[in-house]
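Letter by letter, the chains look like this.
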Amino acid sequence: QVQLVESGGGVVQPGRSLRLSCVASGFAFNSYAMHWVRQSPGKGLEWVAVFYSDGSKKFYADSVKGRFTISRDSAKNTLDLHMSSLRAEDTAIYYCARDMAAIGESYFEFWGPGSLVTVSS
Amino acid sequence: DIQMTQSPSSLSASIGDRVIITCRASQDIGESLAWYQQKPGKAPKLLLFGASRLQSGVPSRFSGGGSGTDYTLTITSLQPEDFATYSCQQYYGTPLTFGQGTKVEI
């Protein structure tokens, strides 16, 4: 069965960096676009970034553009999110999610359990 | 960006009730709409896509409808395990955007 497991969350000071990772299993990783979606405490869901299956495109939400970088390793079936210049408003649970298609312009068919990132001094 | 507005933001219901949640888009999204269920401390779970198509394994008491800018999620005969927060998401345009969620409480 499809499994997505995030890791790397924790408490980090404002302005510092953190890397999240997501290990995928149970499906052909190279065939699907992969996303990061976040949820601030008590708030709604916010799409963060996408990496298309063929590596041709990556897109970011305006709120993280220039600070976050999404990457994927097809040999290891992993999706990463490198977050830099972190702000208090980046505090959230970060979910790794699989698109239903190869291009990342659809809905999220599977989700990981999430990883909590807290930005605080 | 396409804005998604859900109503109500929360509702109280009883076991066996019929519940309707609405989602309005800021522009026509051509039925490119998904619904998710989220329980406390858990990840969202896909319920429906294409506005009305039930994801595999989701009980048939969940149904969706609508077109253009206005969509609904209906739960017929609410069950104890249905108490959760429900969110809509459009995938007509990028960035992909969500509604703010509707909490269904006892």
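Look a little higher up for the structure.
Residues numbered from 1 in each chain as written. Chains lettered and ligands numbered in written order. Predicted model: local features only at pLDDT ≥ 70, side-chain atom pairs only at ≥ 80, totals over all residues. Heavy atoms only, no water.

A. Inspection of the nonpolar core at higher detail. In this structure, Trp36(A), Leu79(A), Leu81(A), Met83(A), Tyr94(A), Phe108(A) and Trp111(A) are the most contacted members of the largest nonpolar core, which totals 46 residues. It is strand β5 (residues 45-51) of chain A that provides the largest number of residues to this core, a total of six residues. Those residues within four positions of Leu79(A) in sequence are excluded, and the remaining contacts are Leu20(A), Ser21(A), Cys22(A), Phe29(A), Met34(A), His35(A), Trp36(A), Phe51(A), Ile70(A), Ser71(A), Arg72(A) and Cys96(A). Residues Leu11(B), Cys23(B), Ala51(B) and Val104(B) belong to the second largest nonpolar core, which totals 25 residues. (Core = buried A, V, L, I, M, F, W, Y, C linked by side-chain atoms within 4.5 Å. Buried < 20%, exposed > 50% of the residue type's maximum accessible area, 1.4 Å probe, protein only. Helix = DSSP H or I, 4+ residues; strand = E, 2+ residues; numbered from the N terminus. Contact = heavy atoms within 4.5 Å.)

B. Main features of the interface of chain A and chain B. Taken together, the contact pairs 17 residues of chain A with 17 residues of chain B. Scanning the region where chain A abuts chain B turns up five residue pairs in polar contact (both at pLDDT 80 or more). Only β4 (34-39), β5 and β10 (108-111) of chain A provide two or more residues apiece to the side of chain A that touches chain B. Counted by class, the side of chain A that touches chain B contains eight nonpolar, six polar and three charged residues. (Polar contact = N/O pair within 3.5 Å; in protein donor to acceptor, adjacent residues only side chain to side chain. Nonpolar A, V, L, I, M, F, W, Y, C, P; charged D, E, K, R; others polar.)

C. A look at the pairing of strand β11 (residues 115-119) of chain A. Residue and element names in this part refer to chain A. Every second residue of β11 is oriented toward a common face, the buried set being Ser115, Val117 and Val119 and the non-buried set Leu116 and Thr118. Strand direction decides the pairing type here: strand β9 (residues 92-99) and β11, joined by three bridges, are antiparallel. Bridging across to β11, tyrosine 94 finds its partner in serine 115. (Pairing = 2+ DSSP bridges.)

D. Examining the layout of surface pockets more closely. Within this model, the largest pocket holds a volume of roughly 400 Å³. Along its surface, the largest pocket is lined by 25 residues, and Gln39(A), Lys43(A), Gln38(B), Pro40(B) and Thr85(B) are the ones closest to its centre. Residue assignment for the lining of the largest pocket shows that the elements contributing at least two residues are β9 of chain A together with β9 (85-90) and β11 (102-105) of chain B. Tallied by class, the residues present in the lining of the largest pocket amount to ten nonpolar, ten polar and five charged. In this structure, the second largest pocket spans a volume of roughly 340 Å³. Along its surface, the second largest pocket is lined by 18 residues, and Leu45(A), Glu46(A), Trp47(A), Asp1(B) and Thr97(B) are the ones closest to its centre. Here the lining of the second largest pocket gets three residues from one element, more than from any other, and that element is β5(A). Of the residues belonging to the lining of the second largest pocket, the class tally is eight nonpolar, five polar and five charged. (1 Å grid on protein atoms, 1.4 Å probe; cavity = no way out; pocket = protein on both sides within 12 Å on 5 of 7 lines; lining within 4 Å. Points joined across faces, edges and corners; volume = space filled by probe spheres on them.)

E. Structural view of unusual backbone geometry. Cis geometry marks the peptide bond from Ser7(B) to Pro8(B); its omega dihedral reads -10°. You can see Pro8(B) is positioned in the loop between β1 (4-7) and β2 (10-12). Residue Pro95(B) is reached from Thr94(B) by a cis peptide bond, and omega for that bond is 0°. For Pro95(B), the location among the structural elements is in the loop between β9 and β10 (97-98). Phi at Asn77(A) is positive, roughly 55°, even though this residue is not glycine. Checked against the element boundaries, Asn77(A) lands in the loop between β7 (68-73) and β8 (78-83). One non-glycine residue, Ser77(B), lies in positive phi territory at about 55°. Mapped onto the secondary structure, Ser77(B) falls in the loop between β8 (70-75) and β9.

F. Fine view of the state of the cysteines. On inspection of all chains with the given rule, the structure shows two disulfides over all chains. Each sulfur of the disulfide joining Cys22(A) and Cys96(A) lies 2.1 Å from the other. Classification of the bridge connecting Cys22(A) and Cys96(A) rests on its S-S torsion, roughly -70°, and on that basis the disulfide is left-handed. Of the two residues, Cys22(A) sits in strand β3 (residues 18-25) while Cys96(A) sits in strand β9, which places them 74 residues apart along the sequence. Both residues of the pair, Cys22(A) and Cys96(A), belong to the buried class. Covalently, Cys23(B) is tied to Cys88(B) through a disulfide, its sulfur atoms 2.0 Å apart. Between Cys23(B) and Cys88(B) the sulfur-sulfur dihedral comes to about 70°; the bridge is accordingly right-handed. Residue Cys23(B) is found in strand β3 (residues 19-25), and its partner Cys88(B) is found in strand β9; the two are separated by 65 residues along the sequence. Take Cys23(B): its relative accessible area is 1%, and that puts it in the buried class. (Disulfide = S-S within 2.5 Å.)

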